[in-house]
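Examining the three-dimensional arrangement
Listed below, chain by chain, are the residues.
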Amino acid sequence: MNTIDILLLGAGGREHALLKKLAESPRAGKLYVTPGNGGMFQLAEAAPISQDDPQQVASWAAEHSIGLVVVGPEAPLVEGVADAVRAQGIPCFGPNANAARMEGSKEFAKQVMARANVPTAAYKSFTDRAACEAYVRELAGPCVIKADGLAAGKGVIVAQTTDEALAGVAQCFDGAFGDAGKTVVVEEMLEGPECSLLALTDGTTVVPLATSQDHKRAYDGDKGPNTGGMGVYSPVPEHLVSADDLNTMVDVMNRVVAQLKADGITYSGCLYGGFMLTKDGPKVLEFNARFGDPETQVVLPRMHADLVEVFLACDKGTLDASSVLWDDDWAVSVVLASAGYPGSYESGKRITGIDAASQMPGITVYHAGTKLTADGDVLTAGGRVLDVTAVAPTFAQAREQAYAACDLIDFDGKQFRTDIGARAL
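This write-up is about the structure you can find in this document.

1. A short note on the overall build of the protein
The helix and strand tally for the protein stands at 13 helices and 24 strands. For 425 residues, the compact-globule estimate of 2.2 N^0.38 gives 22 Å, and the protein sits close to it at 21 Å. By principal-axis analysis of the C-alpha atoms, the protein measures approximately 60 × 45 × 40 Å. Within the protein, the fraction of its 425 residues that count as buried is 57%.

2. Re the pattern of salt bridges
Counting across every chain of the model gives 24 salt bridges. Of the charged contacts in the structure, one is a salt bridge between R384 and D293, with a shortest N-O distance of 3.9 Å. In this pair, R384 sits in strand β24 (residues 384–392) while D293 sits in the loop between β17 (281–288) and α10 (296–299), placing the two residues 91 residues apart along the sequence. The two residues R384 and D293 agree in class, both being buried. As a salt-bridge pair, E346 and K349 come within 2.8 Å of each other at their nearest N and O atoms. A residue is classified by how much of its surface remains accessible, and E346, at 55% relative accessible area, is exposed. Here the residues in one salt-bridge network are D222, R417, D419 and R423, joined through shared partners.

3. Let's talk about helix α9 (residues 243–262)
The end-to-end C-alpha distance of α9 is 28 Å, a good match for the 28 Å that 20 residues give at a rise of 1.5 Å each. Taken together, the buried positions of α9 are D245, M249, V250, V252, M253, V256, V257, Q259 and L260. Check the buried side of α9 and you find it contacts α5 (97–104), α6 (106–115), β10 (194–201), β11 (206–208), β16 (269–278) and β17. Just downstream of α9 lies G264, where phi reads positive at about 90°.

4. Comments concerning the packing of aromatic side chains
Considering all chains together, one arrives at eight aromatic pairs under this definition. Both rings, one in F93 and one in F291, keep their centres 5.9 Å apart while their planes meet at 35°; by these two values the pair is tilted. Taken together, the positions of F93 in strand β5 (residues 92–93) and F291 in the loop between β17 and α10 put the pair 198 residues apart, joining distant regions of the chain. Considered together, F93 and F291 belong to a single accessibility category, that of buried residues. A ring pair is formed by F126 and Y135, whose centres lie 5.4 Å apart and whose planes are at 40°; its orientation type is tilted. What makes F126 buried here is its relative accessible area of 12%. Classification of Y135 by relative accessible area gives buried; the value is 16%. Taken together, the ring pairs in this structure connect F93, F291 and F311 into an aromatic cluster. The side chain of R290 reaches across the aromatic face of Y272, ending 5.7 Å from its centre.

5. Considerations on the packing of α5 against α6
Two elements in contact, α5 and α6, have axes separated by 6 Å at closest approach and are oriented at 100°. As summarised for this structure, α5 and α6 are arranged roughly perpendicular, according to the angle between their axes. Of the residues in α6, those in contact with N98, R101, M102 and G104 of α5 are K106, F108, A109 and V112. Its residues assigned to classes, the contact of α5 with α6 comprises four nonpolar, two polar and two charged.

6. Quick word on the sheet that holds β16
If you trace the four strands from one edge of the open sheet to the other, you get β11-β10-β16-β17, paired in antiparallel fashion. Edge positions in the open sheet fall to β11 and β17, since each of these has one partner strand only. Recorded for the sheet is a direction-independent mean angle of 35° between the axes of neighbouring strands. In terms of strand pairing, β10 meets β16 through eight bridges, oriented antiparallel. Across the sheet, residue T201 finds its bridge partner in β16, namely G269.

7. Description of the nonpolar core
Judged by nonpolar contacts, the single largest core of 75 residues is most densely connected at L7, V69, M102, V256 and F287. Considering each element in turn, this core owes the most residues, seven residues, to α9. Setting aside its immediate chain neighbours within four residues, L7 contacts Y32, V33, T34, A47, I49, V57, W60, I66, L68, V69 and V70. Grouped together as the second largest cluster of nonpolar side chains are 39 residues, L18, L198, V308 and L319 included.

Reading guide: rules and limits
Residues numbered from 1 in each chain as written. Predicted model: local features only at pLDDT ≥ 70, side-chain atom pairs only at ≥ 80, totals over all residues. Heavy atoms only, no water. Helix = DSSP H or I, 4+ residues; strand = E, 2+ residues; numbered from the N terminus. Rg over C-alpha atoms; globule rule 2.2 N^0.38 Å. Buried < 20%, exposed > 50% of the residue type's maximum accessible area, 1.4 Å probe, protein only. Salt bridge = Lys/Arg side-chain N within 4 Å of Asp/Glu carboxyl O. Expected span 1.5 Å × (residues − 1). Contact = heavy atoms within 4.5 Å. Phe/Tyr/Trp six-rings, centres within 6.5 Å; stacked < 30°, edge-to-face > 60°. Lys NZ or Arg CZ within 6 Å of the ring centre and 35° of its normal. Axes fitted to C-alpha atoms, helices over the stretch in contact; angles between N-to-C directions. Parallel < 35°, antiparallel > 145°, perpendicular 65-115°, else oblique. Nonpolar A, V, L, I, M, F, W, Y, C, P; charged D, E, K, R; others polar. Pairing = 2+ DSSP bridges. Core = buried A, V, L, I, M, F, W, Y, C linked by side-chain atoms within 4.5 Å.

Purely geometric stuff here, so don't read any function into it on its own.
This is the structure in structure tokens:
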């Protein structure tokens, strides 16, 4: 079996999980990453390029005879990195820019959902501030304010009151989210637990991955501000997601991919559906154009698949559902974050105990916001620092092991939620 060299773009826990899974493939040759983090350089070499520069990525990949480029985060996809790589004749995992608009523009995604007859929150979009504020006052109650474009997971304001909603509208139009807030989407507030469903697709065949449930709020009891995700588990138990719910969610993913194809857009890569399990069944909160973070850190450890072969099949249009299988174990991942996250935080704190935690049975520590010193010390370098993932035969065991491993790891200002998965359990 011939091996291929692989370039992975990204620097988070998601990318560390992807890198580990890619490295397990018999087809994986030399691995490169940019920009990478403190844990990724044990497996891969740094590529001295900007992940958001399509031509630079494509040229470097061509010069180094890269056989597969894997795009982790959303920004390079929206910028058109996958288009530039494919234009060089190099296979790429990740949608082209026109398809990545499913994440890059909430308004575009809503329009696709409407054409595909997909259940989602009612909405209106605005480019005029006064009109937007008038609509919010007219609603006179809970709603969700969203910056239309990419805002690094922070452009969503869940407003319980009109004042909170108006403050969110002001944030968008006053530039808190940059250009992402020039168009503002106002949605009805959906009620119920959230569930994430990731699916691999080549633009025709859709292969749903295992369900997972993220915990977005910063503090125990789902209190505090929204974050990029403080912990996650997989699979979601049947008392939370029934077989009917799951069938509905899979049907939605299929319909969206088929609708895009009908619109002349081939969606190739990972499509991530964020769902709210309402009393009327699952409804879409949003779509993302890439693997979820931290969902990837519990989905990939339970997956039996040659990830290189699967990613190549997504690019070639030859994806086969039988190439992805699942084990029966449970996975729980707890995010260790810097004090102050998701607000301002300090970096450069020395981390200890990662090796001890990693030696526990069933434990993998994925690096997210970390960097390595010349002496080999690992320092904090972000808000979400580490994902401590446990895989075990039961949900309770996985939770217990994840938290036992968290206790072995230390850095100044370490904060984490103590209730990941508790409600589902």
